[in-house]
Amino acid sequence: MQIQFLGAADTVTGSRHLVTLGGQRILLDCGMFQGYKVLRERNWAPLQVAPREIDAVVLSHAHLDHSGWLPRLVQAGFRGPIHASTATRDLAEVLLLDSAHLQEEDTRRANRYGFSHHAKALPLYNRADARRAIAKIVPLAAGRRLAIGNVEVTLTPVGHLLGASSVALTHEGRTLVFSGDVGRQHDVLMPAPLPLPQADVLLVESTYGNRSHPSGDTAPAELARIVRDTVHRGGKVLLPAFAVGRAQALLLLLQRLKRAGEIPDTLPVFLDSPMASLATALYIRHRRLLRVPQREIATLCDGVRIVADATQSQRLAASRYPAVIISASGMATGGRVLHHLKALAPGPQNHIVFAGFQVGGSRGAHLVAGATQVKIHGEYVPVRADVSALEGFSGHADADELLAWLRLMPRKPAQTYVVHGEPEAADTLRLRIQDELGWAVRVPQHGEQVTL
Ligand SMILES: [Zn+2]
C-alpha cells in the first residue's frame, strides 16, 4: 500500500490523498486549496501524478475543499468514475457549478477592471468543465460495498454535512480508512458520526485538533442576543454562511428563536444566495438523513424571503431597515455576501456574524481577527460594524470529540496520519493521539509519499 499526500497535508484545504492498493490508484477527495494566496496558487499546479493514471476518485463529501478540483482533474485527462454518496453527488452538483460560475465572474471582473496581476485572467475552470466532472459521479449508498478492481470501498456516515462519509478501502484483509470531515456529537442538523470501521491505516482530520467547542450549546443564546441588540439600534445582522450546511442550520436556529419569542417574530430574514436556496431544497429532499423532526424541516423556509436575483440583492444591500441576511460565501471570499459586506461593514449599527471555520488568509479570518478595513473588489472598505464568530456553531468535531470517537475503534491502527489541519492543530492532535491513545501517529508533509 502506498499513500501520496497531495493536499490537506499542511493545511485544512485541498484534500487529496492518492492511495495505490491492489494495483489500483484511487484518489480520496479532489479538493480545492483555499485561503492564503500561496495555497490558492497550488490550484494552478498540475497534480504530481498524471490524472489519466488514476483509476477512480472517492469523495468523502461535497465541500469544495474536498471536491472543488474535480473539474480541473477531468479537464487534465482523468477518465475514471467518481464515487460518492447520493446526497454528496446532489450537493456537489450545486457546489461545483457555483464554484465555476464564481470563477468565471471573478475572471470577467478582473479583466474588466484590470486588477488581475496576469495579463489576461482565466478561470481555473468553467461551468462546462464542472458539468463534465458532475457527469462522472456514480452514487454509492452508505454501507454498500463497491469493488474497484479487487479493492472494496465502503462509505460510513460521519455527520458534518449532508452525505458526508468516511471512506474505507480494503484489499486482502488490510483496510485503510479516511475519516473525511468529522461532525459533532450534537450538531443542529446532522446525526452524530458513526464509529469508524476497524483500520490498519487511518487518515484523520484535525481542523479543530487544538480547540474545544464551548460546553453546552451557547450559539442560540448568543445569536439571539446579537439579533436583539442589532435590531434595537436599527442595524442589520449579516450572516456570511457556507451555502451548504451552515445556511440551513442558521435558518433552523432563527426559526426556533422566533418560535420561542427570543427574537421578534416579524423580523425579516433574507436568504440571499441562489446556491443556499438550492441546497436547502436538497436538505429537505434528503431529510431522512437529518436528526431534525421531519415536520420541522418542512417549515425551514416558512416566512423566509428568498432573494431571487442580483438586482433584488443590491436593493436589499442598499435598504436601511433592520433585518437578518444570510448570504454566501461563508468566509466572504466571493459571492453576493461581498455586496452586503461592502454596504454594512462601514455602519457601526450593523453586526457581521461568522458561523463556521475561517481559513487563515480569507477575508472572514481577517475580519474575525479585528481588521479595521477589508479589501473588496479591489477597493478598501472601512470596518466599523461589530464582528463576531459564533462559537460552537461549527460543523467539525473538536479535539475531545475526535479522541472520544477514535477510542471507539476496536483495535489500534498500525499507523495513523493526521491530515486536514493548520500545522498547530494537526500537531496538537498528533500528540494527544500518541499520548492518550498510544497509537503510532504522524503528520505527513505536503507531497510526501509513504509505503506501508
Ligand atoms: Zn467539510
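So, a few notes on the structure that sits alongside this text. Computed from a predicted structure; not experimentally measured. (Residues numbered from 1 in each chain as written. Predicted model: local features only at pLDDT ≥ 70, side-chain atom pairs only at ≥ 80, totals over all residues. Heavy atoms only, no water.)

**Digging into the coordination of the zinc ion**
Angles at a metal have ideal values that depend on geometry: 109.5 degrees with four tetrahedral donors, 90 or 180 degrees with six octahedral donors.
Point 1. Summarising the metal site, the zinc ion is bound by the protein donors His61 (NE2), His63 (ND1), His160 (NE2) and Asp181 (OD), whose distances to it range over 2.2 to 2.3 Å.
Point 2. Note that the zinc ion binds four donor atoms; their angles at the metal cover 92 to 167°, and the shape is irregular. (Donors = N, O, S within 2.8 Å, 3.2 Å for Na, K, Ca; no water. Tetrahedral: all angles 85-135°; square planar, octahedral: opposite > 155°, others 65-115°.)

**Looking at the sheet that holds strand 9 (residues 165-171)**
Point 1. Spatially, the seven strands line up as an open sheet ordered 7-8-9-10-11-20-21, and their pairing is mixed. For this open sheet the edge positions go to strand 7 (146-148) and strand 21 (441-442), each flanked by a neighbour on one side alone.
Point 2. Across six bridges, the pairing between strand 8 (residues 151-157) and strand 9 is antiparallel. Opposite Leu155, over in strand 9, you have Val167 as the bridge partner. (Pairing = 2+ DSSP bridges. Helix = DSSP H or I, 4+ residues; strand = E, 2+ residues; numbered from the N terminus.)

**Concerning the sheet that holds strand 2 (residues 16-21)**
Point 1. The seven strands lie next to each other as 6-5-4-3-2-1-22, forming an open sheet whose pairing is mixed. Lying at the two open borders of the sheet, with one neighbouring strand each, are strand 6 (137-139) and strand 22 (449-451). If you compare each strand with its neighbour and ignore which way they point, the axes differ by 25° on average.
Point 2. Relative to strand 22, strand 1 (residues 2-7) runs antiparallel, the two being bridged by three bridges. Bridge pairing links Gln2 to Thr451 in strand 22. (Axes fitted to C-alpha atoms, helices over the stretch in contact; angles between N-to-C directions.)

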